[in-house]
Each structure stands twice: as structure tokens, then as C-alpha cells.
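# Descriptive structure summary
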Amino acid sequence: MPTDVIMPQMGESIFEGTITKWLKKVGDTVVKDEPLFEISTDKVDAEIPSPEAGVLTEIRIGEGATVEVNTVVAVIGETGSVKATPQPAAVIPQTPVQRAAPPRVVHESAPVETFVQEPATRAGGRIRSSPLARRIAKEHGIDLSRISGTGAAGRIAKDDVLRAAQSASAQTSVQKSAATQLPPPQVVPAELVPLTRMRAIIADRMVESVRTSPHVYSVYKVDMTRIARLREQHRAAFEQRHATKLTYMPFIAAAAVAALRRYPIVNASLESVPNSESGGLAIRYHQNINLGIAVALDWGLIVPVIRQAEQLKIAALAAAIADLALRARAKKLSPDEVGGSTFTLTNAGAFGGEFGMPIINQPESAILAIGGLRKEPAVVTDAEGNDAIAIRSMQYFCLGFDHRLIDGADAGKFMLEFKKTLETWNHDVL
């Protein structure tokens, strides 16, 4: 008997989902629990497994279409009843406007990076890659099977394809005679691409947050020299004992939790109270610290949550951060893992920025942006009050907060406690 494949309900509050990619085509043989298609909801992006083994005989809903949960999207049966695949949802056509791409300049004296042609990591016999990476590879004629992905589980990202394209172009140029001129830049049409479902949701929520909360920012510079030395001293033993890399993030998370416990107003949120005398709002003091960790994806941004972070030591925080980030990039998070945070950390310095000014993750009242870590000269004072110049590891942190609930004094006290915890760290690392 044929088996219907339905749009699953990924959480109690999820009522629809968008099919972003079919991983199998009509006529393909599938095994039970093999990834069949990818979906995007307002909570998570996920791979949906096949409910049964057999042959994919019919695809009823094409890529890009949004349907309600429990809608039949495909049928698995026997080979004899294969039906045509519906066309993907309509996209905005390309405009006739043309724009010249900048030419790539290759200096003959500069070393050329070799294009390492190693087979990409495969999962279930297929190449893991982002939709953008596949489009760029097609445009440049790059074979994805010859690229090593740097993403989670070997997933091929945009930057991997761009590096491969640039390396291939550089090798071709070097082989030419010095008298040979580069060809004229290729003229490509400008492209108007509709927002993905996740991108559209992010856009709506960012606008809503700015409209809801009067954002105020407080930036502090923290001397991370002690943390840097402790990390260097203990990271080998830490990784051996806990099978998790010791990064700076668990130290920062632990310091944030310590400051939130002392100043719970920063962990609180505002809620509407109908028919109240206080302007319709009340303060919700949360019993637990549910720490959101913003994770940048190739296709957007997601904030998985470490629940009851106040009960975790640094090893457990490190493991939780690594696990959530890995599963977020592999589309393995459940809806319950991306909701209910009370305070969020976002790493604005991951790409070299000094600091960022983040938008609050509603309905929270504060968010902490982590800047880039750099060595720089700083004035240090010894126990006798003598000043000297020393090389220190310094890092900016920016607290964005809702001024309806949190005053500047409360934000300052929170940041001073956070700064003190990191600069005078006295907790066990292992």
C-alpha cells in the first residue's frame, strides 16, 4: 500500500511549513528514516526523514511552497505508479538590468593557493551544501564533489565555493603567458531574489523589536588576559576530559549568568496585563536563566537555548554551546530548543568586529554582544600604585537593553559585575 508523506507539526505553536528542498526526486528509492526533504518554519529549519522504505512515486508539493501541517506532500509506494513532479513555487523573475562584476586581479609574484580537490563529506550518499553554495557553484561551473566543506558535518558553504572558484581562476591565469591580458569582465544580469521564509521571519521580528523596545547601549572593555592564560593552560586537559574544545564562550556565558543572578532585572521581561493600573504592563521575573546563544547559519540566524544555565558549571556550558551550534547548522534542533530564552549572547566579534550593537531578542529585555579579542597596550597598576604599560588581551562587550524596564544604572551594575567576574576569575576550569 502507498504511504502518504505529510508536513509534520514541529511543535505545538507551528501550523505550517515551507518546503525548501527535495532531497530525492520522483522514482528514487528511499529507505526508512533517510532524509527526504527540507522544511523551514518560524522556529527551525529541519530535514524530514522518510516514514517508510520504498520508491518516491509522487511529489505533490514543490519547493518553495508553504502548506499547513498534516498536508500530504508526497507518496511513497512501488515503482509502477510514478507521477510527475510539480514545478517549484514561482519566484520573482530576473530584471534586465546588467551590472559588471569586478575583475579578479592576479599578481604573478604572489603565491597561488592550490585548489585542494578532496571529496566532500557525504551524508546518506549525498553532498551536504547550502542552497546559496549550490547556486554559486552552478554559476562558476564548480563540481561540489571536489570541494571540502568547512561547515558542520562537512557541509559546503558559500565561502567554500567562492574559494574554490577563485583558486581555479588563479591557476588558469598563472598558466597563461605574461603578455596575455585578462579577458574583459563578464557582464551578468542583476538578480532579484525573494526572501526565504526564515529571512522574512527574521526581518519581521527585527522590525517588531525596534518598534517595541527603546534600545539603549552600554559598551565596556574587559581585560581578558587572565581568561586567555587559563584557557591556554587548561584547554588540552579540558578537551581530553570532557571531549569538548575550551573556547572563550563558556567563560563569557558563566560570567553573564553570575551577573544575571545578582541583577535579575536584566533577566526579566515586560508582559501585558489587561485592565491594570500600571499602564497595562508588569515585570516578569524569571526563576531560571535560559541563555540564548545566537548562531549564524549560511541561510539566516537562529537562537538555540541553554535552559537553567545557572545550574551549569563551565564544562557543561561548553558542551551545551558546542552541541547546540552543531545541531543548529545541521538542522537537527527541535522547536522547544529555540524558544523561551530570557537573555541572549551574540558573537559580533566572530568576523573581526570591535563590537556590535544588537537588537533585543523579544520578549527579552537585554542582549549582550561579544566583540573581537585583541592584544593591545594597556596601563596596569601594581599593588603599590605604580603604573606601567603592558600587553593585555582586551575585548569589548556591548549590552543592549530595553530602557522601559532597565535603567542605565542597572545596566552599569550588571556590566561591572560581568567585567569583574572575567578579570578576577576564581572558578574551577576543569
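The structure this text deals with has already been given above.
Notes on the structure in this doc start here. (Residues numbered from 1 in each chain as written. Predicted model: local features only at pLDDT ≥ 70, side-chain atom pairs only at ≥ 80, totals over all residues. Heavy atoms only, no water.)

Turning our attention to the sheet that holds strand β22 (residues 387-402). In space, the 6 strands of this open sheet follow the order β13-β22-β21-β20-β16-β19, with mixed pairing throughout. With partners counted over all chains shown, the strands left at the sheet margins are β13 (215-223) and β19 (305-306), one partner each. Relative to strand β20 (residues 343-346), strand β16 (residues 291-293) runs parallel, the two being bridged by 3 bridges. Among the inter-strand pairings, Ile-293 is bridged to a residue of β20, identified as Leu-345. (Pairing = 2+ DSSP bridges. Helix = DSSP H or I, 4+ residues; strand = E, 2+ residues; numbered from the N terminus.)

With that settled, the discussion passes to the nonpolar core. Core analysis: the biggest nonpolar cluster contains 81 residues, and Val-73, Phe-343, Leu-345, Phe-397 and Phe-418 have the highest contact counts within it. Of all the elements, helix α5 (residues 249-262) adds the most residues to this core, at 10 residues. (Core = buried A, V, L, I, M, F, W, Y, C linked by side-chain atoms within 4.5 Å. Buried < 20%, exposed > 50% of the residue type's maximum accessible area, 1.4 Å probe, protein only.)

All right, on to the sheet that holds strand β8 (residues 72-77) then. What the 4 strands build is an open sheet, ordered β1-β8-β6-β3; its pairing is antiparallel. Looking at the sheet topology across the chains shown, the edges are occupied by β1 (3-6) and β3 (29-30). Examined bridge by bridge, strand β6 (residues 54-59) and β8 share 4 bridges and lie antiparallel to one another. When the bridges of β8 are listed, Ile-59 appears paired with Ala-74.

In this section: the packing of aromatic side chains. For any pair of aromatic rings, the description rests on two quantities: the centre-to-centre distance and the angle between the ring planes. Applying the stated criterion across every chain, the model contains 5 aromatic pairs. Judged by centre distance (5.1 Å) and plane angle (70°), the ring pair of Phe-251 and Trp-425 falls under edge-to-face. On the criterion of sequence distance, the pair formed by Phe-251 in helix α5 and Trp-425 in the segment after α7 (408-423) is long-range, its members being 174 residues apart. What makes Phe-251 buried here is its relative accessible area of 0%. Taking the relative accessible area as the measure of exposure, Trp-425 reaches 2% and is therefore buried. (Phe/Tyr/Trp six-rings, centres within 6.5 Å; stacked < 30°, edge-to-face > 60°.)

This next bit is on helix α6 (residues 314-329). With 16 residues, α6 ought to run about 22 Å at 1.5 Å a step, and its terminal C-alpha atoms sit 23 Å apart, in line with that. Among the residues of α6, Ile-314, Ala-315, Leu-317, Ala-318, Ala-320, Ile-321, Leu-324, Ala-325 and Ala-328 are the ones counted as buried. On its buried side, α6 packs onto α4 (225-242), α5, β16, β17 (295-297), β18 (300-302) and β19. Directly after α6, the chain includes Lys-331, whose backbone phi takes a positive value near 60°. (Expected span 1.5 Å × (residues − 1). Contact = heavy atoms within 4.5 Å.)

Across the interface, α5 lies against α6 with an axial gap of 9 Å and an inter-helix angle of 115°. Viewed along their axes, α5 and α6 form a crossing whose handedness is right-handed. Two secondary-structure elements touch here, α5 through Met-249, Pro-250, Phe-251, Ala-253 and Ala-254 and α6 through Ile-314, Leu-317, Ala-318 and Ile-321. When its residues are assigned to classes, the contact of α5 with α6 shows 9 nonpolar, no polar and no charged. (Axes fitted to C-alpha atoms, helices over the stretch in contact; angles between N-to-C directions. Left-handed = near helix turned anticlockwise from the far one by under 90°. Nonpolar A, V, L, I, M, F, W, Y, C, P; charged D, E, K, R; others polar.)

Moving on, we come to the side chain of Asp-45. Along the chain, the position of Asp-45 falls in strand β5 (residues 45-49). Buried and unpaired, Asp-45 has Lys-331 as its nearest opposite-charge partner, separated by 4.6 Å. A distance of 2.8 Å separates a polar atom in the side chain of Asp-45 from a polar atom in the side chain of Ser-40. With sequence-adjacent residues up to four places away left out, Asp-45 is seen in contact with Ile-39, Ser-40, Met-198, Trp-299 and Lys-331. (Lys, Arg positive; Asp, Glu negative; His and termini not counted. Salt bridge = Lys/Arg side-chain N within 4 Å of Asp/Glu carboxyl O. Polar contact = N/O pair within 3.5 Å; in protein donor to acceptor, adjacent residues only side chain to side chain.)

Treat this as a map of the structure, not an account of what it does.
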